[in-house]
Amino acid sequence: MIVASPKSITELKKIIADHKKVLFVGCGTCVTVCLAGGEREVGIASYAMRMARKLDRSPIEIRQVTIERQCENEFIKDLAGPAAEVEAIVSFGCGAGVQAIAERFPAIPVYAGLNTQFLGVLEEQAIWTEKCLGCGDCMLAQFGGICPVTRCAKRLLNGPCGGSLESRCEVDSDRPCAWQLIYSRLKSIGQLDRLEEIIPPKDWSHAWYCGARKVVRKEHQVK
Amino acid sequence: MMQLEKEQTAWTPEIIAFCCNYCGFAAADLAGIQRMQYSAGLRIVHMPCTGKIEMEYILDAFERGVDGVLVVGCLEGGCHFMEGNLRARKRTERVCLILDEIGLGSERLKMVNVSDAMAPEFVQHVQEIVSTVTALGPSPLKPSENKESAGES
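Calculation criteria
Residues numbered from 1 in each chain as written. Chains lettered and ligands numbered in written order. Predicted model: local features only at pLDDT ≥ 70, side-chain atom pairs only at ≥ 80, totals over all residues. Heavy atoms only, no water. Contact = heavy atoms within 4.5 Å. Salt bridge = Lys/Arg side-chain N within 4 Å of Asp/Glu carboxyl O. Polar contact = N/O pair within 3.5 Å; in protein donor to acceptor, adjacent residues only side chain to side chain. Helix = DSSP H or I, 4+ residues; strand = E, 2+ residues; numbered from the N terminus. Pairing = 2+ DSSP bridges. Axes fitted to C-alpha atoms, helices over the stretch in contact; angles between N-to-C directions. Buried < 20%, exposed > 50% of the residue type's maximum accessible area, 1.4 Å probe, protein only. Parallel < 35°, antiparallel > 145°, perpendicular 65-115°, else oblique. Left-handed = near helix turned anticlockwise from the far one by under 90°. Domains from an automatic or database assignment. Right-handed = clockwise from strand over helix to strand, strands pointing away. Nonpolar A, V, L, I, M, F, W, Y, C, P; charged D, E, K, R; others polar. Disulfide = S-S within 2.5 Å.

Peer 1: Sorry, what's going on with the interface of chain B and chain A here?
Peer 2: Many descriptions give the size of an interface as the accessible area lost when the pieces come together. Between chain B and chain A, the residue contacts involve 15 residues of the former and twelve residues of the latter. Inspection of the chain B/chain A interface yields two salt bridges. Between R40(A) and E54(B) there is a salt bridge, with the nearest N and O atoms lying 3.4 Å from each other. Counting across the chain B and chain A interface gives six residue pairs in polar contact (both at pLDDT 80 or more). Put simply, the parts of the chain that give the side of chain B that touches chain A at least two residues each are α3 (55-63) and α4 (84-102) of chain B.

Given below as C-alpha cells:
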C-alpha cells in the first residue's frame, strides 16, 4: 500500500491561511490503513484546525468527507456537491489522490494534507517499512522475493557491499542488510545458485527517471 | 471594578473528567460516599474503559470551550481490558502535542491513574488540575456568551 504521514497542523494552517471555508477530504483506502488520512485522522485534523484558527481570531468552517478512493473519478464525483460550497479543498489522500481531485475541480484550489512516503507494508502496529520503489522492471524472482533495488541503500544487484555489520546496513543500523536477507532467503528455498548469475546493469528506462509513466491495458479498454 | 474582581474570584473552571468504569468512576463514587469535597466545575463522563476514549472526544470537549480535561484510568498493569489505559496514555500524549502546537497549551489536559479505592488521590488530582487551569484562566475557545460568567469582560 501507499504509506503517508500527516503534515503538521502548523504547516497546514499556513497552507490554507487565506481560506475561510474548506473541505477536508479523506481517502478510505491506503492512507486509512496507514492511519494518516482516513475518516478519523481527517476528524482530528479538523478539530485541531478549527481550534487553531479560532485562537488566531480567524475562524474557519471545515466540512469533512471521506471517499472510498481518491484516485478514481468514480468516487471523486461524490465530492461535487460539497466542493461547490467551499473555497478550497485539502486532500488527505496520497499525491495521486490530490492530483486526481485537482483535475476534477479545476476552479478550486486543492492542497495536500499529507506527505506521501512510499510503497510499503505494515511491520507491526504503527510501523511501516518501504518495500517497493515501483521501478517498472521487477527483479524479485532473481532475489528470492527481496528487493535490493529498494532495500539495499546502495541498490547493489550483485552481492553485498561488505560494509554491513552483524547483518545490519552500514548506512542505517536500524535496517537489515538486504543482501543478508537475500542470501538467507535463497538458502532457505534452495536457490543459492541464483547468486552465481551476474546481473547486468538495470534498465532504468521503465522507472520514474524518464518522467511520469503510463500503463495501458488494451484488453480492458472499453473504447 | 470591585464587582469584576469578585466575578473573577468566583470563576470556577469547567473540567471534563473522562473516568474509566473500573477505577476513576468508582473512585469518584467512593469520594462522594465519603463526602469528600472537590470543585463543583467537574463534570464526569462515564467511560467503559479509558481505551474507549478517542482523541476526538477530548478535542471536541476543548472545541466546545471546556477549560480542562482530566483522563482517569486504572493503575498501569491493572486495566480490566489489559491495556486500555496504556492506549489512552498514548492518545492523551498525542492530543497534548496538538494542544501545544495550536497554542491552547497541553497543561489543560492531564491523564492520571488511580484504583477504585483511591478516592483521596482522585480528589487530589481533580484539585490539582483545577488549580492549574485556574492559574491559566478560562479557555480562549469558550463561546463568547459564556465569557462574562467565566470572568472575562
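Peer 1: Honestly, the sheet that holds strand β4 (residues 88-92) of chain A in this entry has me stumped. Any pointers?
Peer 2: Each strand in a sheet pairs with another by means of backbone hydrogen bonds, the pair being arranged parallel or else antiparallel. Residues and elements named next belong to chain A. Across the sheet, four strands lie side by side as β3-β2-β4-β5; this open sheet has parallel pairing. Two strands bound the open sheet, and with one partner strand each, they are β3 (61-67) and β5 (110-112). Across the sheet, the axes of successive neighbouring strands diverge by a mean angle of 25°, strand direction being ignored. In this sheet, β4 lies alongside strand β2 (residues 21-27) in parallel orientation, the contact comprising five bridges. Its bridge partner lying in β4, V22 is registered against A88. Here helix α3 (residues 39-55) sits on the sheet and contacts β2, β3 and β4; the angle it forms with β3, its principal contact strand, is near 175°. Where helix α6 (residues 95-104) meets the sheet, its contacts fall on β2, β4 and β5, and the angle it forms with β5 comes to roughly 175°.

Peer 1: Just checking my understanding: could you explain the environment of A27(B) for this structure?
Peer 2: All names here are of chain B. Summarising the element assignment, A27 is placed in helix α2 (residues 24-33). The class for A27 is buried, based on a relative accessible area of 0%. A27 sits 40 residues away from D67 along the chain, and the two C-alpha atoms are 22 Å apart.

Peer 1: When you look at the packing of α3(A) against α3(B) in this model, what are you seeing that I'm missing?
Peer 2: Each pair of packed helices gets described by two things: the angle between the helix axes and the distance between those axes. Following both chains from N to C, one finds α3(A) and α3(B) inclined at 20°, their axes separated by 10 Å at the closest point. Between α3(A) and α3(B), the crossing angle belongs to the class labelled roughly parallel. α3(B) is crossed by α3(A), and the crossing has left-handed handedness. Side by side, α3(A) and α3(B) meet where R40(A), I44(A), Y47(A), R50(A), M51(A) and K54(A) of the first sit next to M55(B), E56(B), L59(B), D60(B), F62(B) and E63(B) of the second.

Peer 1: Even after reading the chapter, I still don't get the sheet that holds strand β7 (residues 127-132) of chain A, so can you show me in this structure?
Peer 2: Residues and elements named next belong to chain A. Here three strands make up an open sheet; going across it, the order is β1-β6-β7 and the pairing antiparallel. Sheet topology places β1 (2-6) and β7 at the edges, where each strand pairs with a single neighbour. Direction aside, the axes of adjacent strands within the sheet are offset by 70° on average. Note: strand β6 (residues 114-124) against β7, five bridges, orientation antiparallel. In the strand pairing of β7, E124 is matched with I127.

Peer 1: Sorry, what's going on with the domain arrangement of chain A here?
Peer 2: Taken domain by domain, chain A holds domain 1 (2-118) and domain 2 (135-200). The centre of domain 1 of chain A, based on its C-alpha atoms, is set 38 Å off from the matching centre of domain 2 of chain A.

Peer 1: Looking at this structure, how should I read the pairing of strand β1 (residues 15-20) of chain B?
Peer 2: The two faces of a sheet get side chains in turn, since along a regular strand they alternate between them. Residue and element names in this part refer to chain B. Among the six residues of β1, six are classified as buried, and the element is accordingly described as predominantly covered. Where burial is concerned, the two faces of β1 agree: the one with I15, A17 and C19 and the one with I16, F18 and C20 are both buried. Of the strand pairs in this sheet, β1 and strand β2 (residues 42-47) are connected by six bridges, and their pairing is parallel. Of the residues in β2, the one forming a bridge with I16 is R43. Handedness of the crossover is the feature at issue here: the chain leaves β1, passes through α2, returns alongside β2, and the resulting connection is right-handed. Note: β1 against strand β3 (residues 68-73), five bridges, orientation parallel. By the bridge assignment, I15 is partnered in β3 with G68.

Peer 1: Sorry, what's going on with the packing of α2(B) against helix α5 (residues 119-136) of chain B here?
Peer 2: Residue and element names in this part refer to chain B. Packing of α2 against α5 brings their axes to within 8 Å, and their N-to-C directions diverge by 95°. Judged by the angle between their axes, α2 and α5 are roughly perpendicular. Of α5, the residues touching α2 (which contributes G24, A27, A28, L30 and A31) are A119, F122 and V123. A class-by-class count of the residues in the contact of α2 with α5 yields seven nonpolar, one polar and no charged.

Peer 1: Is there a simple way to explain the state of the cysteines in this structure?
Peer 2: A covalent bond between the sulfur atoms of two cysteines is referred to as a disulfide. Tallying each qualifying case throughout the model produces zero disulfides over all chains. C210(A) forms no disulfide, and the closest cysteine sulfur to it belongs to C135(A), at a distance of 12 Å. Since its relative accessible area comes to 58%, C210(A) is described here as exposed. In this structure C49(B) is a free cysteine whose sulfur lies 4.0 Å from that of C79(B), the closest cysteine sulfur available. Since its relative accessible area comes to 7%, C49(B) is described here as buried.

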